[in-house]
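Structural overview for review
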Amino acid sequence: KSPRPSTGRQRTPKVPVPELPERLSEGRPSAEAADAALVRRPQIGDTRPAPRPAILPPSPAISAAADDSESDASSSKKKRSRSKPTKAKGAGSGSRNEGRGGDGRGDGRNSDSRGGGVQLDPDVLEKRRGKERNGRPIGRYLMCVQVRDNLTQVAVLEGRHLVEHYVSRPADDVSQIHGNIYVGKVQNVLPGMEAAFVDIATPKNAVLYRGDVQYDQEDIVERGPGAGGAVGKDARIENILKAKQLIVCQVTKNPIGAKGARLTQEVSLPGRFVVLIPNSKTYGISKRLPDDVRKRLRNILDRVKPAEHGLIVRTAAENASEHELRADMTRLLTQWNMIEAKAKKMQGPGLLYREPELAVRVIREEFNAEYRGVVIDDKRLFDEVHDYIGAFNPELADRVEFYDPDAEGLPIYERFHLHEQLHKALDRKVWLPSGGSLIIEHTEALSVIDVNTGKNVGTSNSNLEATVFHNNLEAADEIARQLRLRDIGGIIVIDFIDMEIRENRKKVVDAFKAALSRDKTRTQVFDISELGLVEMTRKRIGEGLLTNFADQCPNCDGRGVMVDLALLE
């Protein structure tokens, strides 16, 4: 056969299409990125550092009451610790969203969590008690809780500066579901997206990605093409999940905008000192603890770890005894058995466990010896929290105070100058001490922060580079504070003012990372580019502070401008 004449065009060889990059698992950033950002590497089910360990065990009467309250609270939950206390002799019941230690799903005060009659070493008690000066507690943080008929607000101050703010309304029961455990019904499986949509009895279907699916190899009855007959990590999601299948799952991310909640089948039950991961081989100890403490805890862990479940020892266990660790684990096992039993009885999608209400959850996760106090303006909530802290940290119970607005003459938010700080936090422009400014804008894909010199003209003995460098240092510290206060998440791009000296750029990034290290939300920061841009990510769980106080403009639909269509006619 004679060859076909050439047409003068070379046939381009086929180039294999590159695979899409692997999705960065939101709950598990790389150790390198976490270390570079100077924030701790989060453990499974633990998005925030736990409070200081609990201390002296409650009496048998309290233990019995706590057991009752835990069974009542099996319909509440979250990615962390205990839930809201009941009024029975210091026990508590929970309702439902934290930030930044109990089990997050039920009563935090349980007979097993501390054990009766175990006396702790005086040195350990001293470590847990916190610092005092002239008989008054001292600490970096102060928490203020303001309760209204249809609104609860929690403010966290560092010194006199507002650094975190939480808002809860009754409607949040369908939007603030992070950490809740559900029985979900698979609606449809999308092989091309490696995901499944799951009905969890909320207005929007939730999404479950292939990487978050847990399964037994025996459950896979089909094998997809190209799998080579292999199962395990190569199994495709359509071979694992089927439409109308019921599964137990946990919310790892709240629904935001038009997006539904994100799910995982790797359920975790955080307790005061340990995190239980049912039906898992996970085994570890918080890396924030010193090596000698880790060694001691590993010896204890070898003795108490259940064979069929995973266990992670939290930072709060630094001064915990073996009895406390074992009791905490036993309580979590009991709680998981209750959740499993309830799940087996359910014939359709529904809630298995709901988190406690906002104020209780934040206090549960935040309050420790670094707080100089918790001030609450509602008597019912004050009594509840005081009993709760009294059962777990009696040495800190005197730091819980009741604020009477009538007697003081001012609302609690005005007394601690929180109103003016909130007003500034809702503005798009933030002034820096030297006269510079930040402009904070939000888009569909990311948030943008622009750094300007503004009124900052430097000093008589400085040059342009020194002025810009000083302005950027101030901006780095303020941006870290604004990210926490406004709860800005997702992709964030920061436009620092251009600096000529490379060493100055490195110092600004280092200062920014050091300021972010105080943020309990997982953060990743990349080096500054030649254009002066810093790209970073911050875990996005909620919609941010602005959304709590603002509605979309009905005229421009949130665009910010009005288009004159008459000019197009």
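Above this text you will find the structure in question.
Okay, so let's go over this structure. Note that this is a predicted model, so its numbers are computed, not measured.

What counts and what doesn't
Here, residues in each chain are numbered from 1, in the same order as that chain's written sequence. Given that the model is predicted, a residue must reach a pLDDT of at least 70 before its local features are reported, and side-chain atom pairs must reach 80 or more before they are shown or counted; all residues, however, enter totals for whole chains, interfaces and linings. To obtain the side-chain values, all non-hydrogen atoms of the structure were included, while hydrogens and water were left out. At least two DSSP bridges between two strands are required for those strands to pair. Strands are runs of DSSP state E lasting at least two residues, helices are runs of H or I lasting at least four, and both sets are numbered from the N terminus onward. It only takes one pair of heavy atoms within 4.5 Å for two residues to be counted as in contact. Fitted lines through C-alpha atoms give the axes, limited to the stretch in contact for helices. The angle between two N-to-C directions lies from 0 to 180 degrees. Buried residues are those whose accessible area, probed at 1.4 Å on protein chains only, stays under 20% of the maximum for their type, while exposed residues exceed 50% and partly exposed ones sit between those limits. For classification purposes, an angle smaller than 35 degrees is called roughly parallel, one larger than 145 roughly antiparallel, one from 65 to 115 roughly perpendicular, and anything else oblique. Note on convention: near helix rotated counterclockwise from far helix by under a right angle means a left-handed crossing. Clockwise means right-handed. Side-chain classes are defined by residue name, with Ala, Val, Leu, Ile, Met, Phe, Trp, Tyr, Cys and Pro counting as nonpolar, Asp, Glu, Lys and Arg as charged, and the others, Gly among them, as polar.

1. Digging into the sheet that holds strand S13 (residues 283-285)
- Read from one edge of the open sheet, four strands run S11-S12-S14-S13, paired in mixed fashion. Where the open sheet ends on each side, the last strands, each with one partner, are strand S11 (269-270) and S13.
- Two elements, S13 and strand S14 (residues 310-313), share three bridges in a ladder whose sense is parallel. Residue Ile285 lies in a different strand from S14, and its bridge partner there is Val313.
- The strands that helix H6 (residues 291-304) touches are S13 and S14; relative to S13, the one it contacts most, it runs at about 150°.
- Where helix H7 (residues 322-345) meets the sheet, its contacts fall on S11, strand S12 (274-277) and S14, and the angle it forms with S12 comes to roughly 35°.

2. A word on the environment of Ile312
- Topologically, Ile312 is positioned in strand S14.
- The class for Ile312 is buried, based on a relative accessible area of 3%.
- Remark: the alpha-carbon pair of Ile312 and Ile277, spanning 35 residues in sequence, is separated by 8.0 Å.

3. Quick notes on the packing of H6 against H7
- As a packed pair, H6 and H7 sit with axes 10 Å apart at the nearest point and diverge in direction by 45°. With respect to their mutual orientation, H6 and H7 come out oblique. The handedness of the crossing between H6 and H7 is right-handed. Listed contacts from H7 to Leu297, Ile300, Arg303 and Val304 of H6 are Glu322, Leu325, Arg326 and Met329.
- For the contact of H6 with H7, a count of residues per class yields five nonpolar, no polar and three charged.

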